[in-house]
Structures are given as C-alpha cells and as structure tokens.
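Architecture at a glance
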Protein chains: 2
Amino acid sequence: MENGRMKNGHDSVTVVAGGAGFIGSHLCQALLDKGQQVLCIDNLQTCRPVNLKQLKGQPGFSFIRADIVDPLPLSVYEYAGRITRIYNLACAASPPQYQADPEHTMLTNVMGADRLLRLAEETGARFLLSSTSEVYGDPEAHPQHEDYRGWVNCTGPRACYDEGKRAAEAMAFDFARMGRAEVRVARLFNTYGPQMHPDDGRVVSNLVCQALSGSDITIYGDGSQTRSFCYISDMVEGLIRLMERDDMPHSPVNLGNPDEYTISELLEQVIALTGSNAPVIHKPLPVDDPRRRRPDIGRAKALLDWAPQVPLKEGLAATCRWFAKELGVDRRSRALHEADRPIATVALG
Amino acid sequence: MENGRMKNGHDSVTVVAGGAGFIGSHLCQALLDKGQQVLCIDNLQTCRPVNLKQLKGQPGFSFIRADIVDPLPLSVYEYAGRITRIYNLACAASPPQYQADPEHTMLTNVMGADRLLRLAEETGARFLLSSTSEVYGDPEAHPQHEDYRGWVNCTGPRACYDEGKRAAEAMAFDFARMGRAEVRVARLFNTYGPQMHPDDGRVVSNLVCQALSGSDITIYGDGSQTRSFCYISDMVEGLIRLMERDDMPHSPVNLGNPDEYTISELLEQVIALTGSNAPVIHKPLPVDDPRRRRPDIGRAKALLDWAPQVPLKEGLAATCRWFAKELGVDRRSRALHEADRPIATVALG
C-alpha cells in the first residue's frame, strides 16, 4: 500500500507521541538509527529529561512539547504532508503516576487517541496505539490471549488507565472499520531496561534501585504474584514490526515476554546481581492488583515473526548496570561485573 | 447534606442532559410533577421532537440545545448558582443509532461525562450517570450483580457504547474518590414504554410497531436470547430514588426489572395484545449480541427500597396502546381493549 512504500522516502516523518518516555525514547532512537525522520510529541509529564536531551542532538529528530489532551498545536501541522506513521505511546503508565490525576489519564487515553487518529485520517498515516496488558485486568484466563475479554474493575482506582486504554482500542478499531485510518493496536506487557524512571513505581525499577541504594526492599503482598518482563529492545522491535506489517486484520496483538516469574523470583535475581543484603519489607497488595500476568504471543509470532530474544537474567544485568551508573552506586556484585557485556540492541546510554 | 436540603428550594435547578430522549423526557416530566425546576440540555440527535414540545409549555422547564461533547454553552452557566442535581442521560442508546457515529458515541460518554462532572464540581451539585447493563457485555454470570466485571469485547462494534459507559463510570468514581463531586451511577437495563422512538431499533419498539403495522416481524437469531424489560415509570422512580439517597457508597446500582423473558416470549405477548398475524422472519444475531440479560437488584432494594411494580403484560399493553395511537393504527385486539386502563405512573401522553 502507498503508506508502506512511502515509509522509506527521505521526507517521510514518523510521529512518536510520548517519545520522551521510557519506551518512547528507545523507539525514537531505533527509528533514528534506521535513518527515519522522527517528530516527538510529549508533554514531559513523566519523562526523564535526559532521555530527550540525548535525542535532541541527533539529525532527523524534532520535538514539540504538547499535551495530546489539548488540540494539537499548529506546529504539528507543518509536518502534516510528510507524516506516514503515528505511534501513540503517550500516557503515564505506572499506577502512582496515572492515579495522581485520573481525569487527565482518562482524557489522555481517549481524547489523545482521538486527536491522533484524526491526524492519521487527515494525513493518511498509519496509526499504532500502545495499549496494555491492563486491558485484561486481574485475569482469570492464563496466559492471556487477545480474545480474552478481561476482568477489569471499571469503578476502581486503576480504571482511569485500564478503561482509558480499552476505550482507546475501541476508537482505534472504529476508525479502522470505517476506513478512516489504518490502525495497529499493541497490548504491551511489563517492559524494563535502561532509561526507566527510578521513581516511576514499577516493580523492576523499584527493586533494582532499592537493592542498589541499600534501602529497604519493598514487596507488595507475599511476592507470589507473577509478571512477565520484556526487555526494552525486544519491545521496540515488536512495535516496529507491528507498525510495518501490511494488511493486518483488525485485531490487537500482545507484545511481551512469555517467561513468567513471581515477584519473589525477580527479587532473587536482583539480589544475586547486586549483592544487596538490604532488609525486605512487605506491604499490602494495592487494590485490584493483578495476581498473574503472562502474554500468549502466538499471534505476534504468526503475524510478525516476532518473539523476545533477551532472557531476564541478561536484561536485568544490563538494567542494573545502567541504574548503578545512574545512581552513582558501586557495582557490588561479581555477577554484575561478569554480566558486564553489551546487549546488541540497547539503543541508548 | 446541604445538597439534600437544598433540593426542595424553590430556586434550585435540576439539569437533565439528554432530557429530550425517551427516558430523559419521562424523567423531566416526573421532576416537573414534583414541582422542581428542570433545565434540559439535549442535542436532539435521537429524540422525538414532540417529547420536547410537551415539556416546553410547562412552568419550571427550560431547554438549551447543546452537544455535551462540546464545551457547555455560557447559557448553562447562567443557572450555575442554582444547580443542585445533574442527571446525565445523554447518549444514543440503541445499536443502530450509537454505531452510526461511533467516535461521537465514545466522546459523548467520556467528554460529556467529564464536562458534566466538572459542572457538578463547580456548582456543588450531585451528579448521576445513567450507565447501562451493556457494561456487562455478553455476561457469563447470571443474573448480573454489580460486582460482576463483565465480558465486553473492547475491539468490537458495540465497544463505542459499552466501553464509553465503562470509561464514564471510571471517571465518575474518580471524581467521587477525590472529593470533587458527589456521584451516583445507575446501570440501566432494557427500558420500554410510551414515547419510545418507533425507529430506534430496540426490540420492544421494533416488535410492537411491526405487529401493529402488519409488516413482517423480525426476530434476530432463534429468539431464545433473553432480556428483562423495565417499564419506564419504574425506571424513573429508581433514578430519582438513587439521586436522592444520601450517603451512598461509591458503588454502581443496577436498575431494571428482574423478570426475564426470551425474545420469543416477548413476541407472543405482543401478538396476543395486538392480534397481529404478520409473518415472522428470522435474521442473524448481531455481532456481540448478549445472550442473556437479567439484573440482580438486591442492592437497589437494600439501598433505595426500590423494585419494579409494573408487570410486562400491563406495561406492554400501555405501550401498544400508545404506539397504536402514535402510528394511527386500529387497535386490533380485544386484549388490548380490555387492558385499556391507565397505569398510574405513566407520566405523559
């Protein structure tokens, strides 16, 4: 199709909304590495400013500070004739962040998606929504296949995010069904790696930062709840493959690592890597916290020939090294030193 | 609380968004009958204009034509100091109507709820969201209790409505938890009665109008799917009781009639009342059409001392009489004549 052919044109521009965030900044870098022009739109609500600084100096990168809840600024439309791809990764993604202003979270998901879908309609660009495993809520089906409809409490404190993403998916597929835009919907499971925000409240960054800094290590509940952790380079590769796959059915696609760990097992690995002997304290599980989370990635394998390549131990070592440097903390563990080799696809830092 | 005491003040105003629609117009009439001042806000998208005309002549009734997707017009704010109650019933509610412009349906639910919640925050008014049994999707639990989280396809053609309402519930309870507004959320199950739109595509109006006019009677699927039909006067009473109940927990409340009928049983009753001998034709079930629907109304009984009073046969007779008059069709059946007595709480017509 025409967009597919245009994507390699020298003038074509890829929009990354939320491009200053954790996943967004890695995606921007990967696109720049492929020689693409990138227009990053971000309100800088939850980003690490240095992520953006590293991108700003590079040829082909442009930045517009804007909140997609508001009408898009006119400066975006200066690129309109050249926009062929729109990635929407804009939304605070960890519970403490997205619950701080739940109204804004909901509007980011719904109004934001609507504004970017309209931009896709106006420009003929292909649109990719980064949705979330949270659309499955606290799942009763395991692992989670895309056809599982979820177990989401639509009246609870996580609903601003979970239901916002579900609503955004609904809008995206309506645009697709009506022929208004060509859309892709990725459901992202837990993702980790360098350039995470140390304070974003996600489990990997929490445990690694606490272990490295020697402060108490917090486990919510008894640590038996499970998650599946996808290294950032695998996630970025999956997103790009999904965006570039032509003739997609109107279906969401899970992206995540199907290797499932309990939080206690994750902690063991973090302790082994960091040599931490900090005390572990237990706090109550948050309301509606999911007990289990593991993606069925059969659809991504079949349609995108994609599967994660980086095992947890390897990705976690790279993440610990990065956080150690970021926090100015000595690497305490021989394991961390031994694991000190670059992962080919780590984009930045 | 203060709002509760103010509600009978002569100057206080109750906003009814969607007040020109089927349920909205009955609600406006019931409030006027109680001597209240009513400000109806409606975009007239799906209403019968005569519903509004009947209201307009009455003292205490005001009307502003506006779409709650857009910023509220300044004329609404002229009432701001007096607004103590806001009912949000604004949204196209039958699949053919809400699927005609799914983007608008989603934004009506999400942006509309946000604008009216902000109006509630600004005025200190109590806010009631009319949500829907559609938040349960095609339910696997039966009957549906408020704690059941639903089985909704968030990527399908009904999602603009179902997910829009789920998102609106999420926003409402976020406003409540943050102390920004006092909210009530009603989940309305199928409601029927006089002043339904003959063309809105809902099963009661479809069957009654087809039977009365002698055209082919359409049954989707084999007619074994079930619904529970609540007569309009019962629904209006439930809405008002929910709004006026003080000290509500942050919980949605089902409102509907728990008497469950298959569509074939409904058709039998319609044929018995109308004497129709029109041929019955079967069409395929729409995508994601729920197989069963019956409210658990234990919470409404406990908190509101409310339960439906009008049995289907009686409500259906009143509805058939009204449609017969509306369509200018002779009453064909002795049963319809015999049932020709007023239901005390039918508000209009």
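Residues numbered from 1 in each chain as written. Chains lettered and ligands numbered in written order. Predicted model: local features only at pLDDT ≥ 70, side-chain atom pairs only at ≥ 80, totals over all residues. Heavy atoms only, no water.

Chain A carries the name NAD-dependent dehydratase in an unreviewed UniProt entry, which gives Tardibacter chloracetimidivorans as its organism. UniProt annotates chain A under Cofactor (unreviewed entry) with the comment "NAD(+)". (UniProt positions renumbered as here; feature names shortened; annotations may be inferred.)

1. Looking at the overall build of chain A
Across its full length, chain A carries 13 helices and 13 strands. Taking 349 residues into account, the globule formula puts the C-alpha radius of gyration at 20 Å, and chain A, at 19 Å, falls close to it. Across its three principal directions, the C-alpha atoms of chain A cover 55 × 45 × 40 Å. When the 349 residues of chain A are sorted by exposure, 61% land in the buried category. Here chain A displays about 13,100 Å² of accessible surface, and carbon together with sulfur accounts for 47% of that area. Measuring between centres, the 38 positive side-chain charges of chain A sit 3 Å from its 44 negative side-chain charges. (Helix = DSSP H or I, 4+ residues; strand = E, 2+ residues; numbered from the N terminus. Rg over C-alpha atoms; globule rule 2.2 N^0.38 Å. Buried < 20%, exposed > 50% of the residue type's maximum accessible area, 1.4 Å probe, protein only. Areas by Shrake-Rupley, 256 points an atom, 1.4 Å probe, with all protein chains shown as cover. Lys, Arg positive; Asp, Glu negative; His and termini not counted. Charge placed at Lys NZ, Arg CZ, Asp CG, Glu CD.)

2. Thoughts on the relation of the copies chain B and chain A
The transformation that overlays chain B on chain A combines an axial shift of 0.0 Å with a rotation of 180°, and the residual RMSD is 0.0 Å. Classification of the inter-copy transformation places it as that of a two-fold axis. Both copies share a contact surface, since 100% of the interface residues of chain B are interface residues in chain A too. (Least-squares fit on C-alpha atoms with pLDDT ≥ 70 in both. Contact = heavy atoms within 4.5 Å.)

3. Structural notes on the sheet that holds strand 4 (residues 83–88) of chain A
Residue and element names in this part refer to chain A. The strand order across the open sheet built from seven strands is 3-2-1-4-5-6-11, with neighbouring strands paired in parallel fashion. Of all strands in the sheet, those with a lone pairing partner are strand 3 (61–65) and strand 11 (252–255), marking the two edges. When strand polarity is set aside, the average angle formed by the axes of neighbouring strands in this sheet is 20°. Two elements, strand 5 (residues 126–132) and strand 6 (residues 182–188), share seven bridges in a ladder whose sense is parallel. Across the sheet, the residue bridging to Ser 131 is Arg 187, located in strand 6. Along the sheet, helix 2 (residues 22–33) contacts strand 1 (13–17), strand 2 (37–42), strand 3, strand 4 and strand 6; its crossing angle with strand 1, the most-contacted strand, is approximately 170°. In the packing of helix 6 (residues 102–123) onto the sheet, the strands contacted are strand 1, strand 4, strand 5 and strand 6, and the crossing angle to strand 4 comes to about 165°. (Pairing = 2+ DSSP bridges. Axes fitted to C-alpha atoms, helices over the stretch in contact; angles between N-to-C directions.)

4. Re the pattern of salt bridges
Applying the stated rule across the entire model yields 47 salt bridges over all chains. As a salt-bridge pair, Glu134(A) and Arg293(A) come within 3.4 Å of each other at their nearest N and O atoms. Placement of the pair is Glu134(A) in the loop between strand 5 and helix 7 (159–177) and Arg293(A) in the loop between strand 13 (280–283) and helix 11 (298–304), with a sequence separation of 159 residues. In this structure Glu134(A) comes out as buried when scored by relative accessible area, which is 11%. Of the charged contacts, one joins Arg118(B) and Asp114(B) as a salt bridge, the two residues approaching to 3.7 Å between their closest N and O atoms. Of this pair, Arg118(B) and Asp114(B) both sit in helix 6 (residues 102–123), four residues apart, roughly one helical turn. The class of Asp114(B) is buried, set by a relative accessible area of 3%. In this structure, a network of salt bridges that share partners links the residues Glu103(A), Asp114(B), Arg118(B), Glu121(B) and Arg180(B). (Salt bridge = Lys/Arg side-chain N within 4 Å of Asp/Glu carboxyl O.)

5. Re the interface of chain B and chain A
Tallying the contact residues gives 38 residues for chain B and 38 residues for chain A. Between chain B and chain A, the buried area comes to about 3,100 Å², and carbon and sulfur atoms account for 59% of it. The largest per-residue losses of area from chain B upon contact with chain A belong to Glu103(B), Arg149(B) and Thr155(B), which jointly make up 23% of the total buried on that side. Taken together, chain B and chain A are joined by eight salt bridges. For Arg180(A), the salt bridge identified is with Glu103(B), shortest N-O distance 3.0 Å. (Buried area = accessible area lost by both parts, 1.4 Å probe.)

6. Describing the pairing of strand 5 (residues 126–132) of chain B
All names here are of chain B. For strand 5, the tally of buried residues reaches seven of seven residues, placing the bulk of the element in the interior. In strand 5, alternate side chains face the same way, and those of Arg 126, Leu 128, Ser 130 and Thr 132 on one face and Phe 127, Leu 129 and Ser 131 on the other are all buried. Where strand 4 (residues 83–88) lies against strand 5, four bridges are found, and the strand directions are parallel. Bridged to Arg 85 within strand 5 is Arg 126. Between the parallel elements strand 5 and strand 6 (residues 182–188), the chain passes through helix 7 (residues 159–177) in a crossover that is right-handed. (Right-handed = clockwise from strand over helix to strand, strands pointing away.)

7. Considering helix 12 (residues 312–327) of chain A
Residues and elements named next belong to chain A. With 16 residues, helix 12 should reach 22 Å at 1.5 Å per residue; the first-to-last C-alpha distance of 21 Å fits that figure. Buried within helix 12 we find Leu 312, Gly 315, Leu 316, Ala 317, Ala 318, Thr 319, Cys 320, Arg 321, Trp 322, Phe 323 and Ala 324. Trailing helix 12 by a residue or two, Gly 328 shows a phi angle of about 65°, which is positive. (Expected span 1.5 Å × (residues − 1).)

8. Topic: the packing of aromatic side chains
Tallied over the full model, the rule gives 14 aromatic pairs over all chains. With 6.1 Å between their ring centres and 40° between their planes, Tyr136(B) and Phe189(B) make a pair best called tilted. Of this pair, Tyr136(B) sits in the loop between strand 5 and helix 7 while Phe189(B) sits in the loop between strand 6 and strand 7 (191–192); the two residues are 53 residues apart in sequence, bridging distant segments of the chain. You'll find Tyr136(B) and Phe189(B) in the same group, each marked buried. With a centroid separation of 5.0 Å and 75° between ring planes, the pair formed by Trp322(B) and Phe323(B) is classed as edge-to-face. The exposure classification of Trp322(B) matches that of Phe323(B), with both residues buried. In textbook terms, an aromatic cluster arises when at least three aromatic residues are bridged by ring pairs, as seen for Tyr136(A), Tyr148(A), Phe189(A) and Trp151(B). Positioned over the ring face of Phe175(A) is Arg180(A), at 4.0 Å from the centre of the ring. (Phe/Tyr/Trp six-rings, centres within 6.5 Å; stacked < 30°, edge-to-face > 60°. Lys NZ or Arg CZ within 6 Å of the ring centre and 35° of its normal.)

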